[in-house]
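Secondary and tertiary structure notes
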Amino acid sequence: SAAEAGAKIACVQREATPSSQGNMAAGVDLNQTSEAGKQALISYLIKLADHRSNRALLEAWADNSFEALSWFREAASAGGIEVNPDEPQADRVLHINGYDVYLHANTYFRIGHDEVVKAIAPIAESAGVEFFFSCPAQQLVTDESGRVTGVVCEEDGKNVLFNASKGVILATGDYQCDPEMVAYYCPDIKEFPPCQMNRTGDGHKMGMWVGAQLQDLPFPTMMHPQAFCWFHGPFLFVNDNGERFMCEDTWVQGKSLAINKQPNGEAWSVFDANWPTDLVNGLPYGGGMFWDSFRPYGSDLELAPEYFKTQIPLYIEQGMAYEADTIEELAGKIGCDAATLTATVDRYNGMCEAGEDTDYYKEKHRLMAIDTPPFYGVRTGAWFLATLDGVTIDTNMHPCDENGDPIEGLYLTGNDSGGFFSVSYPNLLTGLACGRTMTFGRRAGMLAATGQA
């Protein structure tokens, strides 16, 4: 985007090849969504963040996301990669406080953004971008006024200065691979292994070294209950002791946080042969990582049973799920006490029959008895994907100092930047994190290239 706007670009990167992560990116289709609908969506996302998010940043995402996603899709297509055909999540409508919100997502499942950016890189080179791989940034350079004027990188064991007349954009990702930062800022997930490589908070550190401030606590993380299986649904959850421990009709990040507090950080989703019907009857929460994310507004969730009919046998084959003719047999397979699991299931079935969950008060239409063999136990566990806190920025992508003033010549995007998420990741809108990153990355490039504030 910066090159298209006429700037001369040096892209310095720690990795040896272009690198990215994620599978889909969401935006708001403002051609169909009213201003009131957009504001209702923003208010809902802020509510999920305990009203800690910077509304102006969410508005900047909503106002620019559809154009940015369209641009990215065209660039990927020019590089030979198309979005998933007939992807059910690509277009959907949310109904929020009486307003219709039309969402669109670029979906690259089974491909991944990492492959997409590798395909886009040659196009960037043809636009004049010069790449410097295996060239990690070490420190920003500022002039007497505090304006950022360049960055020092390490290349072949030597320090190399890159001067930047228009600006430096930090887009180095999160800090999941820096154990000290994780333990200090997000101690509840310090036991989780990173799922990416070389995400060591370089952008956070360089930004703070020139006076930028981190967003306020508490710091959000992205966690999904897909460490073992992507299927869990709104069914009964038990821990390794065979005990129920939560209200299962929550969203996927909520499930992860609850599972994380159990023995071994694991749990089992327990259900019976009626699960395909029960899954549909339990809508709109749905059943897996992706379908569950659409709660509470619904979508094409009826597709979930057919998809997972093909997946559950694979989970069983991989030893991540078990099938049994009795609850006692299932207990033996998942490794918990048979008497405890039997008592848990009996109590749960009694509440299903009574039509009221007097333990956790799950919504009544999701109380589905476990009484028809075969019975299933699907292993679930929280998977830590990314930290989402970052340096406080304004809507021009500048980091802010302790007085709230922008640091000139410096732009932040992606997980280097903060103020958009707080407390937790609201993945009721699947693809929001990557959608924010794409939108703000494009915005930072255009602003830096044109010298705008």
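Structure first, text after, so check above.
Now for a description of the structure that goes with this document. (Residues numbered from 1 in each chain as written. Predicted model: local features only at pLDDT ≥ 70, side-chain atom pairs only at ≥ 80, totals over all residues. Heavy atoms only, no water.)

Let us now look at the overall build of the protein chain. Along its length, the protein chain carries 11 helices and 18 strands. Relative to the 2.2 N^0.38 estimate, which gives 22 Å for 453 residues, the radius of gyration of the protein chain is 23 Å and therefore close to what a compact globule would have. Principal-axis analysis of the C-alpha atoms gives the protein chain an extent of 70 × 45 × 45 Å. Each of the 453 residues in the protein chain was classed as buried or not, and the buried ones make up 54%. (Helix = DSSP H or I, 4+ residues; strand = E, 2+ residues; numbered from the N terminus. Rg over C-alpha atoms; globule rule 2.2 N^0.38 Å. Buried < 20%, exposed > 50% of the residue type's maximum accessible area, 1.4 Å probe, protein only.)

With their axes 8 Å apart at the nearest point, helix α2 (residues 55-78) and helix α3 (residues 113-126) run at an angle of 80 degrees to one another. Considered as vectors, α2 and α3 are oriented roughly perpendicular to each other. Contacts from Phe72, Ala75, Ala76 and Ala78 in α2 reach Val116, Ile120 and Ile123 in α3. Looking at the contact of α2 with α3, its residues break down into seven nonpolar, no polar and no charged. (Axes fitted to C-alpha atoms, helices over the stretch in contact; angles between N-to-C directions. Parallel < 35°, antiparallel > 145°, perpendicular 65-115°, else oblique. Contact = heavy atoms within 4.5 Å. Nonpolar A, V, L, I, M, F, W, Y, C, P; charged D, E, K, R; others polar.)

Taken as a whole and judged by the stated rule, the model has 15 aromatic pairs. Seen from their ring centres, Tyr185 and Phe219 are 5.3 Å apart, and the 50 degrees between their planes marks the pair as tilted. One end of the pair, Tyr185, is in helix α4 (residues 179-185); the other, Phe219, is in the loop between α5 (202-209) and β10 (221-224), with 34 residues separating them in the sequence. Aromatic rings pair up to connect Trp61, Phe420, Phe421, Tyr425 and Phe440 into one cluster. (Phe/Tyr/Trp six-rings, centres within 6.5 Å; stacked < 30°, edge-to-face > 60°.)

We now examine the side chain of Glu15. With respect to the helices, strands and loops of the structure, Glu15 is situated in the loop between β1 (10-12) and β2 (24-28). Side chain to side chain, Glu15 and Asn198 meet in a polar contact 3.4 Å long. (Polar contact = N/O pair within 3.5 Å; in protein donor to acceptor, adjacent residues only side chain to side chain.)

Scanning the entire structure with this criterion turns up 16 salt bridges. Ionic pairing is found between Glu15 and Arg199, a salt bridge with its closest N-O pair at 3.7 Å. Residue Glu15 is found in the loop between β1 and β2, and its partner Arg199 is found in the loop between α4 and α5; the two are separated by 184 residues along the sequence. Comparing Glu15 with Arg199 shows no difference in burial state: the two are buried. (Salt bridge = Lys/Arg side-chain N within 4 Å of Asp/Glu carboxyl O.)

In a soluble, globular protein the nonpolar side chains are often hidden away together inside. Judged by nonpolar contacts, the single largest core of 65 residues is most densely connected at Leu41, Trp61, Leu140, Leu410, Phe420, Leu429 and Leu432. Ignoring sequence-local partners within four residues, the contact set of Trp61 consists of Ala26, Gly27, Val28, Leu41, Leu45, Phe420, Leu429, Leu432, Gly435, Arg436, Thr439 and Phe440. (Core = buried A, V, L, I, M, F, W, Y, C linked by side-chain atoms within 4.5 Å.)

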